[in-house]
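Listed below are the residues making up each chain.
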Amino acid sequence: MTIDTIVRGGTVVTADGTYDADVAIDGETIHAVGEADAFPDAEEVVDASGKLVMPGVVDPHVHVHDPFSADTYESASRAAALGGTTTMIGFAFQRWGGDMGVIDGDDTLLEAIAAARERGEDALIDFSLHGAITEEDPAVLDALADVVADGVTSIKMFSTYDHGLSNGFMHRALEELADLDAVAALHTEDDSVCTMLTERFEAEGRGDPTDYPQSRPDYAEAMAAEDAVRMAQEAGAKYYGVHTSCRKSAEVLDAFRDDGSLVRTETCTHYTTLDDSVYADIGNQAMIAPPIRKPDDIEAMFEHLADGSIDIVSTDHCGYTSESKNVENWWDSTFGANALQTSLPVFHDEAVNERGFSYPFLVRAMCTRPAETFGMPEKGTLDPGTDADVVVFDPDATDTITAADNESIADFTIYEGRDVTGRVERTYVRGELVAADGDVVGDAGHGEFIEREIPDWSP
């Protein structure tokens, strides 16, 4: 018997610990973890001496070829592969009216999912979808059972923008999701507060990017989070707090968390590494909602990550070009920034190198916990028999981040010039080498759509 690949001599990192071991890959799965001498011969032996061998990153919050991103699945997944991300969850948006627009042809949620799956056929890495409810059409509630049966076991809703939902309709959706045991993922900012402040700033001519964070204040995020999570608790629905950015909203969600069986939370790499001085430094490039907050909010993110009341670190990746950012007033800018290619090295440098968090913590927050939270038991682990999504990571290599390296359609990065220690050397997706030594080596279309299970959130 001959197997495909042995990754030899590295330090294996799982959610539970680190240990010296070799990893054997055969076909699309992990064959074994242990001593290479006990494995069959391999067609290729990769020397991982001095390197970490970890599960591929699972990013549960990515905008790709949707109303908030110009990236195609091919361009975004190329960036992801270079950054050690092997699975991403994007969005399928129900059609809605308003200024933001939609992708042509996506009329119902089921049709939107089918169209997004088709757009994903050129993906290099594996992907899944959240359904996104954007209109208060009761018909969408009737479709949720079919959506979940199709493997889309999480639904995103917004409390703000022109596609935001009222609390009343959101409550109805949460009741339906509770009956289906699916996950409700909520973007929470109080729309009336944010709209009023934005209109005030427009009237006062406060279009400088440094004014932007005050238009979407931390208390508006916390107010809407409390409404939404309270409704979810009353309905008995699983609640996932999307892109938590500040101490106030993290404390709200923590207060409702109890044992973690119904409430889970993410933050994003930028909320753990950047503060609002970034708006003076790079202007509209950092236009993200919720805004990048104060230094104390960075500390809060790590406090809650440390005690487990924030579970996951995602990117909220959006592929935009500088042209859409180079506007006179911040309210005319696109909202969002790319991060798939840089998230792992940036968060590793901040969390592990600067703050002393462990490597198992890194794997829990970026690999294992996202897979568990969203019903993907074959992902986020190196257990034998699971998907061979493997990253070889050099913890000592240094890099300076620059947009010149972007595989995303984005021609800028909010981390431009940032020096980091830690580099992705090799990325495998289901046993296939897709990125090596800073180059994409896999083929478009290798990625597959993942029909997810109903996740078990038992504590």
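This part takes up empty space enclosed by the protein. Summed over the entire model, instances satisfying the criterion amount to two cavities of 30 Å³ or more. As for the largest cavity, its lining consists of T188, E221, A225, Y239, G241, V242, H243, T244, S249, L253 and P290. Of all the secondary-structure elements, those providing two or more residues to the lining of the largest cavity are α7 (218-235), β13 (238-241) and α8 (247-257). Looking at the lining of the largest cavity, its residues break down into five nonpolar, five polar and one charged. In this structure, the second largest cavity spans a volume of roughly 30 Å³.

Our next topic: the nonpolar core. Membership of the largest hydrophobic core comes to 56 residues, with the highest contact counts inside it found for I133 and M157. In contact with M157, not counting residues within four places along its chain, are I133, L165, M170, A173, L174, L177, A184, A185, L186 and H187. By size, the runner-up hydrophobic cluster in this structure holds 53 residues, among which are M54, F68, F91 and F393.

This part takes up a negative patch on the surface. Together, E74, E118, E121 and D122 give the surface a local cluster of negative charge. Relative to the helices and strands, E121 resides in the loop between α2 (109-119) and β10 (126-132).

Their axes nearest at 10 Å, the elements helix α3 (residues 138-149) and helix α4 (residues 167-180) cross at an angle of 25 degrees. Accordingly, the angle class assigned to the pair α3 and α4 is roughly parallel. Read as a crossing pair, α3 and α4 show a hand that is right-handed. Residues P138, V140, L141, L144, A145 and V148 of α3 lie in contact with α4, whose contacting residues are F169, R172, A173, E176, L177 and L180.

Another point: the pattern of salt bridges. Counted by the stated rule, this structure contains 28 salt bridges. Where K379 meets D126, a salt bridge forms, and the shortest distance between an N and an O atom there is 2.6 Å. Taken together, the positions of K379 in the loop between α13 (359-373) and β16 (390-400) and D126 in strand β10 put the pair 253 residues apart, joining distant regions of the chain. Residue class for D126 comes out buried when judged on its relative accessible area of 2%. For the salt bridge of K379 with D387, the shortest nitrogen-to-oxygen distance reads 2.9 Å. The exposure classification of K379 matches that of D387, with both residues buried.

Thresholds applied
Residues numbered from 1 in each chain as written. Predicted model: local features only at pLDDT ≥ 70, side-chain atom pairs only at ≥ 80, totals over all residues. Heavy atoms only, no water. 1 Å grid on protein atoms, 1.4 Å probe; cavity = no way out; pocket = protein on both sides within 12 Å on 5 of 7 lines; lining within 4 Å. Points joined across faces, edges and corners; volume = space filled by probe spheres on them. Helix = DSSP H or I, 4+ residues; strand = E, 2+ residues; numbered from the N terminus. Nonpolar A, V, L, I, M, F, W, Y, C, P; charged D, E, K, R; others polar. Core = buried A, V, L, I, M, F, W, Y, C linked by side-chain atoms within 4.5 Å. Buried < 20%, exposed > 50% of the residue type's maximum accessible area, 1.4 Å probe, protein only. Contact = heavy atoms within 4.5 Å. Patch = residues over 30% accessible without salt bridge, like charges linked within 9 Å, V, L, I, M, F, W, Y side chains within 5 Å. Areas by Shrake-Rupley, 256 points an atom, 1.4 Å probe, with all protein chains shown as cover. Salt bridge = Lys/Arg side-chain N within 4 Å of Asp/Glu carboxyl O. Lys, Arg positive; Asp, Glu negative; His and termini not counted. Charge placed at Lys NZ, Arg CZ, Asp CG, Glu CD. Axes fitted to C-alpha atoms, helices over the stretch in contact; angles between N-to-C directions. Parallel < 35°, antiparallel > 145°, perpendicular 65-115°, else oblique. Left-handed = near helix turned anticlockwise from the far one by under 90°.

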